Amino acid sequence: MERFVFDSKIKNVLFGFMGLGVLCLAITFFIDDELHTRFWTNFLHNSVFFTGIAFISLFILSAFITAWAGWYALIKRIWEAYSLFLIPGLVLMLIVVIGLWGGFHHLYHWADAEAVAEDSILLGKKGFLNKGWYTVGTLIIVGIWIFFATKLRQLSLREDENQGMNFAVHRQMRVWAAAFLPIAGFSSAAIIWQWVMSVDAHWYSTLFAWYTGASWFVSAMTLTIMTLILLKNLGYFAKVTPEHLRDLGKYTFAFSIFWTYLWFSQYMLIWYGNVGEETIYFRERLDNYPVLFFGNLVLNFVLPFFILIREDNIRKYGTMMFASAFVFIGHWIDFFLMIKPGALHTAHETLAHHGATAEAAEHAAEAGHHAASTFEIGFTVPGFLEFGTMLGFLALFLFVVFRNMAKAPLDAVNDPYYAESLQHHA
Amino acid sequence: MENSNKEVLFGLYDDEEILLKAVSQAKADHLNIMDVFSPFPVHGLDPILGLSHSRLPTAGFIYGAIGALTGFLFMTWVFTADWPIIFGGKPYFSAPAFIPITFELTVLFASVGMVFTFFIICGMGPGAVNPILDLRITDDKFCIAFDASHASDEEVSKYKSFFSATGASEVNTKTI
Amino acid sequence: MSAVVSPIREPLITGGKSYHQITEDICSPTERTPTTAWVIAFILAVAGLAFYVFCVGWTIWQGIGSWNLNRTIGWGWDITNFVWWVGIGHAGTLISAILLLFRQKWRTGVNRAAEAMTIFAVICAGQFPLIHMGRLWLGFFIFPYPNTRGPLWVNFNSPLLWDVFAISTYFTVSLLFWYTGLVPDFATVRDRAKGLRKRMYNVLAFGWTGSAKHWQRWETLSKILAGLATPLVLSVHTIVSFDFATSVIPGWHTTIFPPYFVAGAIFSGFAMVQTLMLITRKVLNLEDYITIEHIDSMNKVILLTGTIVGVAYLTELFIAWYSGYIYEQFAFYNRVLGPYWWSYVGMMSCNVLSPQIFWWRSIRRNILITFLMSIFVNIGMWFERFVIIASTLARDYIPSSWSYYTPTWVEIGLFIGTLGLFSTCYLIFTRIAPVVAIAEIKSILKTGGDQYVGPNAHAHHASEQTTTH
């Protein structure tokens, strides 16, 4: 049976990029403002992004098992390995939690006791937005996800040993996968509110959790396409054909449109309703982040729509690699836009509060008022340091994924749908 | 298919797997198949038969683009040039509010256009009468047809031996 | 066929059918004289339809005053029914379009009837905005054409006008999609018919011959239409949700409405498909084509979408508290504990709690429980719309305007009447068209027939499957 060999050559490349990531984080830390806002937002941005990809991979696996999908059996080991990144993902999020308790960062306005005390809106949310819930929520929810990820992985590996026609292991997987779906639905919403939506602590949108989930979904699909093509170039997954690529491309296409649909619904309703508390979110981004704001739509809708709509394009490895890379970056930018503006605003507010002199406070308050009205690399657009950090996190992600992939055969030959997947033809 | 007094020689098969083998055989023998008929779309037939991909999707894309432009430009013209009115404090040109109707018209134009194109290029329509070789083709028979209008006796016997070699359950001729 | 089917899959067609047997089974209901059960059902349906016509006439003659709409409550049963019927329609498109793209083969057993249901449900839905106008004869005002009345054009910025476009597009596209699929099957009926029936089906079958090129185009067309219908079905209920969500009324202005309405629509639509299918398969002897496996799959979709709307309900409640916006908080407090608390309880118990029994396989495969549940879900989804509309409108910003709404007999009659309209259409459909897509069923016979797959498959097929490892 074919196994993935995680050789030193790939390791060295990944170590190189991880080194780059650490270097970028370090540089960011030292050139940063006194609150290390840029460092911590970069950290949170990438941690949430990659942990989310791991979670969505588990969700995709569970959904496919529940829906009796057959075509993906050949490539399911990729998603299994992806889902195991939840363990380092929890560690990353716990670093954010430690920073919260230690007061090392000011990512969240609600974590600032003084600010909350004089802010009636934040006081009202105190029952949910507090350090305790953030910690417990992260630990319990990601803990549950890890439990399901390891459970499904274990069963999948046990299936490798379990030959014959009784499919007892697969039937067990069905139960666990189905049970995970509602849990994923409720828990992902709760955790997205805590991790991401509460960055803009005053703002709220009921659609936000599903919107973020859709963004994770497309990111996971595009990363899968890129990993698959990479591994194919290294000589693995020889049985994977353009037909499988077509299915991955089809999901990327469909969910890019779905993401756009959610984006539009959220934007349009807030625009139409014209309630100040809600429109501030988009006003801020339209005024100060116009390039990213519209670039987000170009990369995540226009580009995949026109490339992937053609049947012949989504069977081509080169085209798919290109399109996936752009869409992947597009959704990374989407998360950038979710986190940076709010965190920057919080930083300005905090600086205004803790300013040494009255004059400095006034100055900072002024700055806070016109938050990011001036161009600031690392906040209004991602700079080299942001991209370097992202590559570092990506290398870490792939390192964990490849290590887990090397631990098991790449072909799940006893999956009941393995033969179907081999023959898959659209 | 116009009524051209064509003489058609056709064989009926009982199963699509036999049909697929027969079509491959006909291609190998360089026989010129006029058409193949089946009660349902037989998968894997198009490449063997050498049918090129349908260009309906391209037509649909063009219709859709026309629909999108029609909708968006019309609303823009109405609200910015023809009769500008402020609704709900929105600007005259309020693009987000134009999106839903633009989308609906895109889908409407693409769908209606494609369905009409489909029926026209297939020569179909309400009450259209196209020659039917055998009534069981829409039930459980799979049919390979050869144009035998100008075929020599030699060719006809070649067709007939092809039918018997590939397992046709019946061989008939019909003038259409 | 050489397609490999996993041995873990259950057969989708039972009874070891041959192609001819399939034609025979599905065409024969249109060829027999109607059964007594059909005739009785038809009489009841037409009676309902007649009552509907009477209520519409009453409404037009007496005016909208014959309804209990008053003061802040501008929308009552009418719009509740409108949203309910549109939602029901969505399952047909979902089954034929989205499940086609997701390659769920079980859809072939139910898609024809579900699409028919879509069309009839949209017809019922479309009635309500028109009747609601009161002056029905001015209904053409909603169309954008050059005219001489005040503002020259209709308001393209209004979600209510978006509805006009959405519903009419949805109806047109669904009709074309359904009819394109029907053409080959009408040809099958035509080739079996004689005399007047043959002449009739000759017109309906559009001169279909079954040529390979036609099939290729037909399949391409079906796929593209499915691809177009998928975002279309999302857009339709999204736009319906915009009718509420673009306002600034607490409880209506919430961004989750679009996907949550869509999920709810699919949910109620599947329930209606279950109701119809359970009766249809029994009455027309189609148990071999609409098997317990199909019912099981549909119950899974009901469980899934029921849980999605559950997530949405809780999200709404939570965010209402989280928003810190007192009017929003009151709107939801009022929804759960206000004067309409009973409809909230009905909604929650029918939509979220009761479908959870479908976690058990034996219950998913129990026909009686499935039938009762499908009725339950439809009641629950009706309540959902009623909760959103009535409970919100009854509690305005100004407490002096607060009121309570109960429908008059005319409003109730209109709702019951549309059930008659719907049933009449559906019953006629079962007499004219094959209720299961014949050509599509035939094309999955080799991968879904119980003589080819599943535990009772022929020995040589079974050995083929195990050796493919």
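Procedures and definitions
- Residues numbered from 1 in each chain as written.
- Chains lettered and ligands numbered in written order.
- Predicted model: local features only at pLDDT ≥ 70, side-chain atom pairs only at ≥ 80, totals over all residues.
- Heavy atoms only, no water.
- Helix = DSSP H or I, 4+ residues; strand = E, 2+ residues; numbered from the N terminus.
- Rg over C-alpha atoms; globule rule 2.2 N^0.38 Å.
- Buried < 20%, exposed > 50% of the residue type's maximum accessible area, 1.4 Å probe, protein only.
- Contact = heavy atoms within 4.5 Å.
- Areas by Shrake-Rupley, 256 points an atom, 1.4 Å probe, with all protein chains shown as cover.
- Lys, Arg positive; Asp, Glu negative; His and termini not counted.
- Charge placed at Lys NZ, Arg CZ, Asp CG, Glu CD.
- Buried area = accessible area lost by both parts, 1.4 Å probe.
- Salt bridge = Lys/Arg side-chain N within 4 Å of Asp/Glu carboxyl O.
- Polar contact = N/O pair within 3.5 Å; in protein donor to acceptor, adjacent residues only side chain to side chain.
- Nonpolar A, V, L, I, M, F, W, Y, C, P; charged D, E, K, R; others polar.
- Core = buried A, V, L, I, M, F, W, Y, C linked by side-chain atoms within 4.5 Å.
- Phe/Tyr/Trp six-rings, centres within 6.5 Å; stacked < 30°, edge-to-face > 60°.
- Axes fitted to C-alpha atoms, helices over the stretch in contact; angles between N-to-C directions.
- Parallel < 35°, antiparallel > 145°, perpendicular 65-115°, else oblique.
- Left-handed = near helix turned anticlockwise from the far one by under 90°.
- pLDDT = per-residue confidence, 0-100.

**Description of the overall build of chain B**
Thought 1: Counting its secondary structure elements, chain B contains five helices and four strands.
Thought 2: Start at the N end of chain B and walk to the C end: the helices and strands fall as β-α-β-α-α-α-β-α-β.
Thought 3: Relative to the compact-globule value of 16 Å for 176 residues, chain B shows a C-alpha radius of gyration of 25 Å, a clear excess of over 25%.
Thought 4: Along the first, second and third principal axes, the C-alpha set of chain B runs to 80 × 30 × 25 Å.
Thought 5: Counting over 176 residues, chain B shows a buried share of 47%.
Thought 6: By sequence separation, contacts in chain B at least 24 residues apart represent 79% of the contacts at least 6 residues apart.
Thought 7: Surface exposure of chain B reaches about 8,500 Å², of which carbon and sulfur atoms provide 60%.
Thought 8: Of the side-chain charges in chain B, 10 are positive and 19 negative, and the distance between the mean point of each set is 2 Å.

**Side note on the interface of chain C and chain B**
Thought 1: Counting residues at the interface gives 57 residues for chain C and 63 residues for chain B.
Thought 2: Summing the contributions of chain C and of chain B, the shared interface buries around 5,500 Å²; its carbon and sulfur component is 70%.
Thought 3: For the pair chain C and chain B, the interface holds three salt bridges.
Thought 4: Our count for the contact surface shared by chain C and chain B stands at 24 residue pairs in polar contact (both at pLDDT 80 or more).
Thought 5: Elements represented by at least two residues in the side of chain C that touches chain B include exactly helix H1 (19-31), helix H5 (159-192), helix H6 (195-204), helix H7 (212-245) and helix H15 (438-443) of chain C.
Thought 6: Per-class residue counts for the side of chain C that touches chain B are 30 nonpolar, 19 polar and eight charged.

**Examining the nonpolar core**
Thought 1: Ranked by internal contacts, the top residues of the largest apolar core, which has 330 residues, are A:Trp79, B:Ile144 and C:Phe270.
Thought 2: With residues near it in sequence (within four places) discarded, C:Phe270 still touches C:Ala91, C:Leu94, C:Ile95, C:Leu99, C:Trp106, C:Met298, C:Val301 and C:Ile302.
Thought 3: Residues B:Phe10, B:Leu12, B:Ile137 and B:Ala145 belong to the second largest nonpolar core, which totals nine residues.

**Examining the packing of aromatic side chains**
Residues and elements named next belong to chain C.
Thought 1: According to the stated counting rule, one finds 127 aromatic pairs over all chains in the structure shown.
Thought 2: Taking the centre distance of 5.8 Å and the plane angle of 75° together, the rings of tryptophan 162 and phenylalanine 242 count as edge-to-face. Taken as a pair, tryptophan 162 in helix H5 and phenylalanine 242 in helix H7 lie far apart in primary sequence, 80 residues in all.
Thought 3: By relative accessible area, phenylalanine 242 is classed as buried at 2%.
Thought 4: Their ring planes at 25° and their centres at 5.8 Å tell us that phenylalanine 318 and tyrosine 322 sit as a pair that is stacked. In this pair, phenylalanine 318 and tyrosine 322 both sit in helix H9 (residues 292-323), four residues apart, roughly one turn of the helix.
Thought 5: For phenylalanine 318, a relative accessible area of 22% corresponds to the partly exposed category.

**So, the packing of helix H9 (residues 208-233) of chain A against helix H10 (residues 242-273) of chain A**
All names here are of chain A.
Thought 1: Contact geometry for H9 and H10: axes closest at 9 Å, N-to-C directions at 155°. As summarised for this structure, H9 and H10 are arranged roughly antiparallel, according to the angle between their axes. Seen from above, H9 lies across H10 with left-handed handedness.

**Some thoughts on the confidence of the model for chain A**
All names here are of chain A.
Thought 1: Taken over all residues, the pLDDT of chain A has a mean of 89, while the share at 70 or more is 94%.
Thought 2: Within chain A, the lowest mean pLDDT, 50, falls on helix H14 (residues 358-369), and the highest, 95, falls on H9.
Thought 3: Overall, residues 368-372 carries pLDDT values under 50, and its contacts beyond four positions in sequence, including any with other chains, amount to eleven contacts.

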